[in-house]
Amino acid sequence: MGEGTTKPGGGKPARRLPILPTLQGYQTAWLTPDCIAGLTLLAIAVPEQMATARLAVMPAITGLYAFVAGSLMIAVLGGSRQMSVGADSTIAPVFAAGVAAVAVAGTTQYQHLVTFLALIVGAVLLAVGLLRLGWIADFISTPVVTGILAGIAVEIVVRQVPAVLGLPGGGTTTIGRVRLIAHQLSHTNGWSLAVGALVLAIILAAEKLDRRVPGALIGLVVSVGAVAALGLKARGVHVLGTIPAGLPPLGPPAVPAHDLVKLAVTAATVAFVCVVQTAATARSLGSDQKATHTLNRDLIGLGAGSLLAGCVGAFPVDSSPPRSAVVEASGGRSQVASLVAAAGALAVIAFATGLLADLPQATLGAILLYVATRLLHVQDLRAIHRFGRAEFGLTVVTIAAVAFFGIETGVLVALVLSIAERTRLATRPQEVLMGREPGTDHWIPVDASHPTEHVPGVLVYLLMAPLWFANAQYLIEHLRDLINTAPEPVRVLIFDAAGVPDVDFTGAQALEGLLKELQAKGIAVGVARPGEVVRRNLRHSDLLATIGREHVYDDVQSAVVALTGATHA
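Computed from a predicted structure; not experimentally measured.

About the cut-offs
- Residues numbered from 1 in each chain as written.
- Predicted model: local features only at pLDDT ≥ 70, side-chain atom pairs only at ≥ 80, totals over all residues.
- Heavy atoms only, no water.
- Helix = DSSP H or I, 4+ residues; strand = E, 2+ residues; numbered from the N terminus.
- Buried < 20%, exposed > 50% of the residue type's maximum accessible area, 1.4 Å probe, protein only.
- Contact = heavy atoms within 4.5 Å.
- Salt bridge = Lys/Arg side-chain N within 4 Å of Asp/Glu carboxyl O.
- Pairing = 2+ DSSP bridges.
- Axes fitted to C-alpha atoms, helices over the stretch in contact; angles between N-to-C directions.
- Phe/Tyr/Trp six-rings, centres within 6.5 Å; stacked < 30°, edge-to-face > 60°.
- Lys NZ or Arg CZ within 6 Å of the ring centre and 35° of its normal.
- Patch = residues over 30% accessible without salt bridge, like charges linked within 9 Å, V, L, I, M, F, W, Y side chains within 5 Å.
- Areas by Shrake-Rupley, 256 points an atom, 1.4 Å probe, with all protein chains shown as cover.

### Re the overall build of the protein
Thought 1: Tallying secondary structure elements over the protein gives 22 helices and 10 strands in all.
Thought 2: Considering only C-alpha atoms, the protein reaches an extent of 95 × 70 × 50 Å along its principal axes.
Thought 3: Within the span of the protein, comprising 569 residues, buried residues form 50% of the whole.
Thought 4: Within the protein, contacts between residues separated by at least 24 positions form 79% of all contacts whose residues are at least 6 apart in sequence.

Encoded structure:
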């Protein structure tokens with residue numbers, strides 16, 4: 001787990017300690033800003049973590065357990081200095097929906113399964129980090145990630161609107177929940193709606209003033225005070241009620257083995273989302289190079305955080321881009337900020353839970369509605385739309401799949417569509433015809449902004465992709481059509497390989513068949529600008545013998561001159 005670094009004076013590499021890596025070289029001048037950042041993080045995290053626990057259909061206090069577990073483990077084992085880990089609204093609906101398919105939400109069995117799921121997810125993330133598999137985060141495109149987050153935002157809004165309106169809600173699907181809300185709308189509790197609207201207004205005003213201002217905490221305090229001052233419980237406003245004080249018992253819950261098998265897909269989905277979000281968070285806190293270097297270590301800390309959360313009755317944890325940004329903006333220099341926040345959360349758990357008994361459910365719902373707005377990246381959606389219809393269509397399909405068919409199904413559909421779209425592009429790659437720039441020996445695409453001149457009887461074909469089994473037949477047929485439909489007979493074909501990284505066996509066979517066909521028609525064929533890998537591919541197949549070693553050229557102009565027999569074609 002430790003990684004070597006070279007000492008300034010040379011010699012043997014100095015091994016970094018496997019724990020507390022962000023505290024190596026710690027300076028006393030960092031302590032004050034770290035403490036300020038930690039207290040700021042605590043003020044934001046307490047209401048948010050309890051709200052996220054509600055989203056997971058778990059007791060509110062378990063959100064604080066998850067925050068303590070995640071904060072401790074990312075500080076001990078993580079590599080990013082400002083990353084915050086804890087309960088997260090991105091994955092909470094994912095595992096809540098998955099576990100609800102096995103056990104009734106809110107029951108003891110449900111809570112035990114959620115807790116054990118944290119152990120499974122933690123083990124998976126720990127393995128991914130130890131095996132240095134963080135690169136799988138790059139396996140899903142930005143439009144798909146944007147769509148997944150937007151779909152989750154829709155899911156959160158639909159789930160939390162009843163809490164803000166004081167309605168019972170219900171339903172098992174997004175459409176079903178919307179229908180129930182519509183039917184129950186006439187029973188809206190005005191006081192509950194007022195509390196939710198007030199809290200949401202406070203959060204938005206605080207964000208506009210300074211995102212380090214704990215708007216959610218201010219809203220929490222105001223709403224708790226309003227319940228007592230106005231007697232809102234008697235007016236139908238639902239509150240959390242008694243919250244057990246003290247630290248939770250340690251140890252995993254007892255869960256039947258047959259139930260664990262049913263959680264495999266949910267665990268894999270949650271772990272994958274955690275890897276993707278942690279990679280994005282790490283990159284937002286530093287350069288891509290640094291993020292890549294520390295990602296696997298962060299995943300180890302994240303996995304350990306979920307393992308610890310599972311041992312204290314909580315649920316899987318994830319990195320949080322917004323909270324991490326707050327730590328960075330507050331001047332946090334190391335994971336001491338997370339340790340300070342964790343200590344504060346422990347104090348709340350041990351001594352202050354009684355103050356939260358009158359916390360309105362509408363307050364937590366309003367906080368989650370705000371969180372949902374942060375998951376809906378409108379600017380990214382606009383940028384994707386400007387870029388291209390295909391990418392935007394992929395995003396829209398992902399949003400619909402996540403919102404209407406469930407997050408697990410949506411993520412799977414999005415992943416398949418993302419791979420399918422990339423495969424489609426790879427099987428229909430960019431290909432261009434080349435022309436010579438007038439007065440030079442330089443060959444450029446004929447559709448470029450500069451004018452080109454045509455050499456009679458010569459066709460120069462540039463492929464900007466590997467020639468492999470999935471595109472070989474399509475490309476060969478297209479090249480054959482270009483030759484057959486040329487405005488004049490083609491006497492020379494130059495295959496410009498500058499954009500071809502490699503040729504596989506199927507591609508080599510397909511190209512060899514075409515070359516023999518063209519040579520039988522008296523068409524001379526040459527290959528220009530092949531890279532070392534393509535040269536090796538030619539040697540290892542019969543292509544080189546078919547083409548002839550003398551017909552492989554370092555540049556297009558040399559090939560044209562040699563194959564046309566002209567001194568300067």
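### A word on the pattern of salt bridges
Thought 1: The full count for this structure, using the stated rule, is 14 salt bridges.
Thought 2: The partner of R436 in a salt bridge is E453, and the shortest N-O contact between them spans 2.9 Å. Placement of the pair is R436 in strand β5 (residues 431–436) and E453 in the loop between β6 (443–445) and β7 (458–463), with a sequence separation of 17 residues.
Thought 3: Judged by its relative accessible area of 6%, R436 falls in the buried class.

### Considering unusual backbone geometry
Thought 1: If you check the backbone angles, V57 has positive phi at about 55 degrees while not being a glycine.
Thought 2: Relative to the assigned elements, V57 resides in the loop between α1 (31–55) and α2 (60–77).
Thought 3: Positioned with a positive phi, R529 is a non-glycine residue whose angle comes to about 55 degrees.
Thought 4: Within the element layout of this structure, R529 appears in the loop between β9 (524–528) and α20 (532–540).

### Some details on the sheet that holds strand β10 (residues 552–553)
Thought 1: In space, the 6 strands of this open sheet follow the order β6-β5-β7-β8-β9-β10, with mixed pairing throughout. The sheet terminates laterally at β6 and β10, the two strands that pair on one side only.
Thought 2: In this structure, β5 lies alongside β6, joined through 3 bridges in antiparallel fashion. Pairing of R436 across the sheet is with W443, part of β6.
Thought 3: Packing against the sheet, helix α18 (residues 472–484) makes contact with β5, β7 and β8 (492–496), and its axis sits at approximately 155 degrees to β7.
Thought 4: Where helix α22 (residues 556–564) meets the sheet, it contacts β5, β6, β7, β8, β9 and β10, and its direction lies at approximately 160 degrees from that of β8.

### Brief notes about the packing of aromatic side chains
Thought 1: One pass over the structure, following the stated rule, counts 4 aromatic pairs.
Thought 2: Both rings, one in Y26 and one in W30, keep their centres 5.3 Å apart while their planes meet at 80 degrees; by these two values the pair is edge-to-face.
Thought 3: On the basis of relative accessible area, W30 is assigned to the buried category, the value being 10%.
Thought 4: Between F95 and F315, the aromatic rings sit 5.7 Å apart at their centres with planes inclined by 35 degrees, giving tilted as the arrangement. Separated by 220 residues along the polypeptide, F95 in helix α3 (residues 92–100) and F315 in the loop between α11 (288–311) and β4 (318–319) bring together distant segments of the chain. As far as burial versus exposure is concerned, F95 and F315 are alike and both buried.
Thought 5: The positively charged end of R428 is found above the aromatic ring belonging to Y474, 4.0 Å away from the centroid.

### Points about the pairing of β7
Thought 1: In terms of burial, β7 is largely enclosed, as 6 of its 6 residues are buried.
Thought 2: A two-sided burial pattern is seen for β7, the buried positions comprising V458, V460 and L462 on one face and L459, Y461 and L463 on the other.
Thought 3: The pairing of β5 with β7 spans 4 bridges and is classified as antiparallel. Note on β7: the bridge partner recorded for E431 is L463.
Thought 4: Taken together, the 5 bridges between β7 and β8 define a ladder with parallel strand orientation. When the bridges of β8 are listed, L459 appears paired with L493.

### Comments concerning a nonpolar patch on the surface
Thought 1: A contiguous nonpolar patch, built from I175, F404 and F405 and spanning about 330 Å² of accessible area, is present on the exposed surface.
Thought 2: If you trace the backbone, F404 turns up in helix α16 (residues 389–405).

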